[in-house]
Amino acid sequence: MFIKTIRKSSVVSALLLAAVVAGGIALLMWPQAAATGVSRGLSICSSVIIPSLFPFLVLSGFLVRSGLSVKLGRRLDRVTRALFGLPGCCGAGILIGFIGGYPAGGMAAGELVEQGAITREEGKKMLRFCVNGGPAFIISAVGAGLMGDIRYGVMLYAAHIAAAVLIGLFGRLWEGRRCPPCDASQRQGRGTRPPAGNKRKGSGLPAPAAFVEAVNAACRSMLYMCGFVVLFAAALSLFDATGVTAFMNHLLSTPFRMAGGDTEGLDCLFPCLLEVSCGCVEAARAGVAAPLLLGIAMGWGGLSVHCQLAATLREHKLMDKSFFAARAVHGLLGGALSLLLFRFVPIAVSTFSPAADAMVVPFYTSATASLALLAMCALLLLTTTRKNCSRKD
C-alpha cells in the first residue's frame, strides 16, 4: 500500500492554477465588465493618483538622495526621538507621509533604508504609521467630491492623521527604548546598500544627480502604483459581475447581523478591503454610517496600496505582520475618531442665501410661461377690484 504525501507547495500551486483558470474564464465571459474596470482605474490614476502623488514622490526622493534629510534630521532629532523613537532624519519622511498620500510615506522609509540612514527595524517602525492618505485625496476627492462639502473632508483628514500619530506614539511607548543618534556614517553599514555614485558615506549626491534619480525612481514607483490600481479596479468590476462582491459583503457583514446590528450601508466592505478609492466611493453612499466606513477604509488603505508598497520595498523586507496589524488598528481608530468628530463638531448649513448671491432670472423656464403667469395675476386683480366695487354700491 502506497501512501502519497501531498506537499504544501503542491496544494498552493493547485490553488494558484485554479485561480488563474477562473480568472481567464471570467475575462472571457464578462469582457465588458473587465474593460469598464480598466477604464475606471485609468480614470482614477489620471485624475487622483498621478496629480496628487507624483510631486511628493519626487520631493521625498530628492530629500533623501541629496542628503538634505540628514541635515534636517539634526534639527528634528529631539522631536522625532521623543515622539516616535526614531532619529531626526526620519522627520522629513514622516511629514511627507502625512501630506503626500498613499504610499509616499512608505516609499520615503524605503529610501532612508536604502541610503543607510536608518536601520531596517527603524524602517519597519516608520512604515507602521507613515502610510496615510493625503489632503488632496481625503479633503478634495472624498470631502468635496463624494460628500459634497470640503469641511467633511477636513474632519476626515484630521481623524486620519490623529490615528496615525497615536499609532506612532503607542509604538514609542510600547518599545520603551531610545534609538541612537542620526549619524549616517554610523548607520551606513546597517542599511541594504550605499547609494550609487556616492563615494563619501552620508554626504548625498549633487543636486542635479539627486533630482534626476528622484524623478527616475518616482516614475518607476508611479508605474507600479497605477498598474495595481487598474488591476484591482478591473478585478472589482469582475467581482461585481460574477456576484463575488455580493457574497463577500454578505459574509463580512455576518458578525453585525449576528449581533443584531443594522447592516444598512455595509455593501462597501469588500471594495474597501481591496482598493481604497473604489471603497470610498461606495462608503460615501452609506448614509449615517459613512463617516465610520470612510475612516476604516482610509485607515486600512486597501490591498492595492499594500501591493504597491510590496512591489517597491521588496528588497528591503520592511513589510511584516506588524505592518498589517498597524493598518487594521489604524482603520479602527480612524473610524472611531471620525464618528467622534462628526458627532461633536457641528457643521453649520446655510438656510438662506445672502443678498449678494441672489440673482433675478427673468424667464426661469420660458417666456410664454412667464407671460401666462402675469396675465393670470392681472385677471385676479381685476376680478377682485370689481367685486369690491359692487359691494360698495
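1. Focus: the nonpolar core
Stage number 1. With 44 residues, the main nonpolar core has Ile94, Met126, Phe129, Phe137, Cys280 and Met298 as its most contacted residues.
Stage number 2. Sort the elements by how many residues they give to this core and helix α8 (residues 150–175) lands first, with five residues.
Stage number 3. Those residues in contact with Met298 that sit more than four places away from it in its chain are Tyr102, Phe137, Ile138, Val142, Leu156, His160, Val276, Cys280 and Arg327.
Stage number 4. In this structure, Cys45, Met107, Ala218 and Cys278 belong to the second largest nonpolar core, which totals 23 residues.

2. A short note on empty space enclosed by the protein
Stage number 1. Overall, the coordinates contain three cavities of 30 Å³ or more when judged by the stated rule.
Stage number 2. Of the volumes computed, that of the second largest cavity is approximately 40 Å³.
Stage number 3. Along the walls of the second largest cavity sit Ser60, Leu63, Val64, Ser69, Cys89, Ala92, Gly93, Ile96, Ala108 and Leu112, which together make up its complete lining.
Stage number 4. Breaking the lining of the second largest cavity down by element, the ones donating at least two residues are α2 (31–65), α4 (91–99) and α5 (104–114).
Stage number 5. Class assignment of the residues belonging to the lining of the second largest cavity gives a composition of seven nonpolar, three polar and no charged.

3. Describing a nonpolar patch on the surface
Stage number 1. A cluster of nonpolar residues, Leu17, Val21, Ile25, Leu28, Met29 and Trp30, forms a patch on the protein surface that exposes about 630 Å² of accessible area.
Stage number 2. Relative to the elements of secondary structure, Val21 occurs in helix α1 (residues 8–29).
Stage number 3. For Val21, a relative accessible area of 45% translates into the label partly exposed.

4. Examining the confidence of the model for the chain
Stage number 1. Looking at the chain as a whole, the pLDDT averages 79, with 77% of positions reaching at least 70.
Stage number 2. In the model, residues 178–202 has pLDDT below 50 throughout and makes 54 contacts with residues more than four positions away in sequence or in other chains.

5. Here's the deal with unusual backbone geometry
Stage number 1. Here the amide bond leading from Tyr102 into Pro103 is cis, since omega sits at -25°, within 30 degrees of zero.
Stage number 2. Considering the arrangement of structural elements, one finds Pro103 in the loop between α4 and α5.
Stage number 3. In this structure, Lys317 takes a positive phi of about 55° despite not being glycine.
Stage number 4. As for its placement among the helices and strands, Lys317 is situated in the loop between α16 (302–312) and α17 (321–344).
Stage number 5. Judged by relative accessible area, which is 62%, Lys317 ranks as exposed.

6. Topic: helix α14 (residues 276–283)
Stage number 1. The buried fraction of α14 amounts to six of the eight residues, a majority that puts the element mostly inside the structure.
Stage number 2. Looking at the buried positions of α14, the neighbouring elements they touch are α2, α7 (135–146), α10 (207–242), α13 (269–274), α15 (290–300) and α16.
Stage number 3. Here α14 starts with a cap whose side-chain oxygen sits 3.0 Å from the backbone nitrogen of Ser277, and that cap is Glu275.

7. Topic: the packing of aromatic side chains
Stage number 1. Per the stated rule, a full pass over the model turns up five aromatic pairs.
Stage number 2. With a centroid separation of 5.2 Å and an interplanar angle of 80°, the aromatic rings of Phe323 and Phe324 are classed as edge-to-face.
Stage number 3. The exposure class assigned to Phe324 is partly exposed, which follows from its relative accessible area of 34%.
Stage number 4. Lying across the ring of Phe344, Arg343 places its NZ or CZ 5.9 Å from the centre.

Reading the values: the criteria
Residues numbered from 1 in each chain as written. Predicted model: local features only at pLDDT ≥ 70, side-chain atom pairs only at ≥ 80, totals over all residues. Heavy atoms only, no water. Core = buried A, V, L, I, M, F, W, Y, C linked by side-chain atoms within 4.5 Å. Buried < 20%, exposed > 50% of the residue type's maximum accessible area, 1.4 Å probe, protein only. Helix = DSSP H or I, 4+ residues; strand = E, 2+ residues; numbered from the N terminus. Contact = heavy atoms within 4.5 Å. 1 Å grid on protein atoms, 1.4 Å probe; cavity = no way out; pocket = protein on both sides within 12 Å on 5 of 7 lines; lining within 4 Å. Points joined across faces, edges and corners; volume = space filled by probe spheres on them. Nonpolar A, V, L, I, M, F, W, Y, C, P; charged D, E, K, R; others polar. Patch = residues over 30% accessible without salt bridge, like charges linked within 9 Å, V, L, I, M, F, W, Y side chains within 5 Å. Areas by Shrake-Rupley, 256 points an atom, 1.4 Å probe, with all protein chains shown as cover. Salt bridge = Lys/Arg side-chain N within 4 Å of Asp/Glu carboxyl O. pLDDT = per-residue confidence, 0-100. Polar contact = N/O pair within 3.5 Å; in protein donor to acceptor, adjacent residues only side chain to side chain. Phe/Tyr/Trp six-rings, centres within 6.5 Å; stacked < 30°, edge-to-face > 60°. Lys NZ or Arg CZ within 6 Å of the ring centre and 35° of its normal.

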